[in-house]
Amino acid sequence: MSLISLVEVRKDFGIRTLFDGLTLHIGERERLGLIGPNGAGKSTLMRVLAGLEPTGSGERRVLPQARIVLVSQDPEMDPERTVLEQVFADSGEKMQLLRRYTELTDDLAQAHAQGSDDSQLLAELGQLNARMDQSQAWALEQQIREVLQRLGISDTHRRVGDLSGGYRKRLALAAALVAEPDVLLLDEPTNHLDANCIQWLQGYLQRFKGALVLITHDRYVLDQVTDRIVEVDRGEARSYSGNYAYYLARKAEEDAAAAATEAKFKGVLRRELEWLKRGPKARSTKQKARIQRIEAMQEAPKRQTKGELSLSSNQRRLGKRAIEAEQLAVWATDQAQQMGADPLLHDFSYDFSPEDRIGIIGPNGSGKSTLLDLIAGRRTPHGGRLELGSTVKLAYFDQHSHNVLDSLDAAGRERKVIDIVKEAASSVELDGSTLSASQLLERFLFPPAQQHQPVSKLSGGERRRLHLCRLLIEAPNVLLLDEPTNDLDVHTLTVLEDFLEDFRGCVVVVSHDRYFLDRTVDRLFSFENSQLKRFEGNYSAYLERQSERSNAVPPTAEPAAASAPKVPGKGAAPTKLRRRSFKENRELSDLDANLPIWEGRREELEALLAQGGSDYAALEAVSAELSALLERIERGEERWLELSEMPG
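A brief look at the structure comes next. These numbers come from a predicted model, not from an experiment.

Time to look at the overall build of the protein chain. A count of helices and strands for the protein chain gives 21 helices and 20 strands. By residue count, 46% of the 648 residues in the protein chain fall in the buried class. Look at the contacts in the protein chain between residues 6 or more apart in sequence, and 70% of them connect residues 24 or more apart. Approximately 32,100 Å² of the protein chain is accessible, and the part contributed by carbon and sulfur atoms is 48%.

Right, here's the structure in full:
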């Protein structure tokens, strides 16, 4: 049964068509990943699914009782509410049940005081209690606080209007998870989350009971959470049954087949044109038919080719000395230092070499971006020494500088895309040839028609890509990248990773993207108690080492089990505890034995999918078995939690 259906939907903005003839069905418990280039229309498609954006043509159908929640990249909230009030307000059915419970208990108290007939109220209260037990509404406040804590939100009494954009995004995500809708639409949910939060969110989404539509640049999350990929590109939306690894295998096969077909078509057309140029003397019916076939081949619509993003840099030579840090110390502010607060960084010394690939990790607010600001000269250290080598040409790709790209020029006119590049260089030497600003923009997937548009018309990801283009043509030899994966599409990230692999210079990366760190760095510095701890290896190796040291169990992704905390403003709900029966003890024992077996089989199936292959029927069978197994594990874990909480 489809919860949301789009039938022959078209959406365009003026001359630009985002998608046309799109038919898409979102079924119960489906896990769908949306991918495609920046500006292709993924976020717009999300808003169409949510009913917040009208369709140009076609039809949107929704199951009447379906509850749909969208977490956009810029969520709207009441600025006067506190954090806790905002999540309660967005908690959906559970909050409605709690409010009705409060109303009923008040009405019962009044009826009892007046000696009125309360039989109807008691009957409704009994039905309401059953619904609240089923939905775990009694545990709403406990669940809210746990989800907020997992997402790094601690100040629950702070005004929403005082929060940063990233903090509001996390708050909207928390409210959506607590609401547990039938369809959850998430647009880049991992932005502004640190690695631990992302790992927890991945587990939560794997166990989420409703349908999920996900846009994310985090390829680990995309691969582990989704079971269908929809690619939105060049006005089309194509569906692939399987996770991200399966999509990549199928896409490679399709691209190879399309290239072979195109080459064959061009070969036939070339031979036919050569025959036509020889000027056949006789005009027989057969020859006329051949001429008509040639004309038809020339006029046949060709499949639009996908531009290939090419990141290249005319790098400057970097000497033996790149960056030298000696006993660096920095506080969040001068006032914080004067008040004796703990520093963000203390006593850090390290000589960055020209070949370094450094990843900086740590919780939000620990000082990662501050360290890059120090290296870039945007901040002055409170102690110690920081020097750059005499041959250093530094480029800083931070989280915010692309936002100024749409500012006005000196004459008060809004700048165009091509103006941004021309301000840095009208031409550039790349790969042994001279490229104009327009040719360079084409390499960065900005076609000529788009180059003369105002920068304000670009999507957030397209602005990031344009800013990256401008930085790289300035021939840097030291790159500082602060959360470079935010708002960039998966294809751009892949090319950026390839570029960094060949980049002849020093790279310092701040990122929460586990996949990106695994591909680009070979040494990590982790913020721990105002110190930067050094680790040799990529991020996956770092996680393994941390797990070995602490013998930590991965955090459970399941919401808090149903208990009976206080309803806001009311007394505690009554608890119902009973001992496990003999049959339930036996069931718990069976689950203890079976859950590890099921987890082992899950790992085997995921390994098979990761290997890919050309036998798509077999891969689909593996994907179907994995989907059923994940559901069995989820039900088993829920039942295990329920039984284990009962007295034995």
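So, about empty space enclosed by the protein. According to the stated counting rule, one finds 2 cavities of 30 Å³ or more in the structure shown. Taken together, Thr-190, Asn-191, His-192, Leu-193, Ile-198, His-217, Asp-218, Glu-483, Thr-485, Asn-486, His-512 and Asp-513 form the lining of the largest cavity. Per-class residue counts for the lining of the largest cavity are 2 nonpolar, 7 polar and 3 charged.

Applying the stated criterion to the full structure yields 9 aromatic pairs. Between Phe-348 and Phe-525 the ring centres are 5.5 Å apart and the planes differ by 80 degrees, which places this aromatic pair in the edge-to-face class. Of this pair, Phe-348 sits in strand E11 (residues 345-352) while Phe-525 is found in strand E19 (residues 523-528), placing the two residues 177 residues apart along the sequence. Plain terms: the ring middles of Tyr-350 and Phe-352 are 4.8 Å apart, the flat faces sit at 90 degrees to each other, and that makes the pair edge-to-face. Ring pairing ties together the aromatic residues Phe-348, Tyr-350, Phe-352 and Phe-525, which thus form one cluster. When the ring centre of Tyr-167 is taken as reference, the NZ or CZ atom of Arg-158 above it lies at 5.8 Å.

Attention shifts here to helix H1 (residues 42-50). The element H1 is largely enclosed, with a buried count of 7 among its 9 residues. Among the residues making up H1, those that are buried are Lys-42, Thr-44, Leu-45, Met-46, Val-48, Leu-49 and Ala-50. Once H1 ends, the next one or two residues include Gly-51, with phi positive near 85 degrees.

Angle between the axes and distance between the axes are the two parameters that describe a pair of packed helices. The interhelical angle for the contact between helix H13 (residues 417-424) and helix H16 (residues 460-472), taken along N-to-C directions, is 20 degrees, at an axis separation of 9 Å. With respect to H16, the element H13 is oriented roughly parallel. In this structure, the crossing between H13 and H16 has a hand that is right-handed. Between H13 and H16, the contacting residues are Val-417, Ile-420, Val-421, Glu-423 and Ala-424 on the first element and Leu-466, Cys-469 and Arg-470 on the second. For the contact of H13 with H16, the per-class residue count stands at 6 nonpolar, no polar and 2 charged.

Residue position: Ser-526 is located in strand E19. Owing to a relative accessible area of 5%, Ser-526 belongs among the buried residues under this scheme. A distance of 3.3 Å separates polar atoms of two side chains, one belonging to Ser-526 and the other to Tyr-542. Those residues in contact with Ser-526 that lie beyond four places of it in its chain are Ile-361, Gln-531, Leu-532, Lys-533 and Tyr-542.

Taken as a whole, this structure holds 30 salt bridges when the rule is applied. A salt bridge links Glu-423 to Arg-415; the shortest N-O distance between them is 2.7 Å. The exposure class of Glu-423 is partly exposed, given its relative accessible area of 41%. Glu-497 serves as the salt-bridge partner of Arg-519, at 3.0 Å between the closest nitrogen and oxygen. Pair noted here: Arg-519 is in helix H18 (residues 514-520) and Glu-497 is in helix H17 (residues 490-502), with a separation of 22 residues, a long-range link. A residue is classified by how much of its surface remains accessible, and Arg-519, at 33% relative accessible area, is partly exposed. With a relative accessible area of 1%, Glu-497 lands in the buried category. The network of salt bridges with common partners includes Arg-219, Glu-497, Asp-498, Glu-501 and Arg-519.

With that out of the way, let us pick up the environment of Gln-224. When you line up the elements, Gln-224 lands in helix H8 (residues 219-225). Since its relative accessible area comes to 27%, Gln-224 is described here as partly exposed. Sequence separation between Gln-224 and Gln-206 is 18 residues, and the spatial gap between their C-alpha atoms is 7.7 Å. Gln-224 has contacts with Gln-202, Gln-206 and Glu-606, leaving out every residue within four places of it along the chain.

Moving on, we come to the sheet that holds strand E8 (residues 228-233). Taken together, the 6 strands give an open sheet; going across it, the order is E5-E6-E7-E3-E8-E9, and neighbouring strands pair in mixed fashion. Pairing within the sheet leaves two strands with one partner each, and these edge strands are strand E5 (68-71) and strand E9 (236-241). Each strand of the sheet is rotated relative to its neighbour by a mean of 15 degrees, with strand direction disregarded. Relative to strand E7 (residues 211-215), strand E3 (residues 31-35) is paired through 4 bridges, and the arrangement is parallel. Among the inter-strand pairings, Gly-33 is bridged to a residue of E7, identified as Leu-214.

Rules used throughout
Residues numbered from 1 in each chain as written. Predicted model: local features only at pLDDT ≥ 70, side-chain atom pairs only at ≥ 80, totals over all residues. Heavy atoms only, no water. Helix = DSSP H or I, 4+ residues; strand = E, 2+ residues; numbered from the N terminus. Buried < 20%, exposed > 50% of the residue type's maximum accessible area, 1.4 Å probe, protein only. Contact = heavy atoms within 4.5 Å. Areas by Shrake-Rupley, 256 points an atom, 1.4 Å probe, with all protein chains shown as cover. 1 Å grid on protein atoms, 1.4 Å probe; cavity = no way out; pocket = protein on both sides within 12 Å on 5 of 7 lines; lining within 4 Å. Points joined across faces, edges and corners; volume = space filled by probe spheres on them. Nonpolar A, V, L, I, M, F, W, Y, C, P; charged D, E, K, R; others polar. Phe/Tyr/Trp six-rings, centres within 6.5 Å; stacked < 30°, edge-to-face > 60°. Lys NZ or Arg CZ within 6 Å of the ring centre and 35° of its normal. Axes fitted to C-alpha atoms, helices over the stretch in contact; angles between N-to-C directions. Parallel < 35°, antiparallel > 145°, perpendicular 65-115°, else oblique. Left-handed = near helix turned anticlockwise from the far one by under 90°. Polar contact = N/O pair within 3.5 Å; in protein donor to acceptor, adjacent residues only side chain to side chain. Salt bridge = Lys/Arg side-chain N within 4 Å of Asp/Glu carboxyl O. Pairing = 2+ DSSP bridges.

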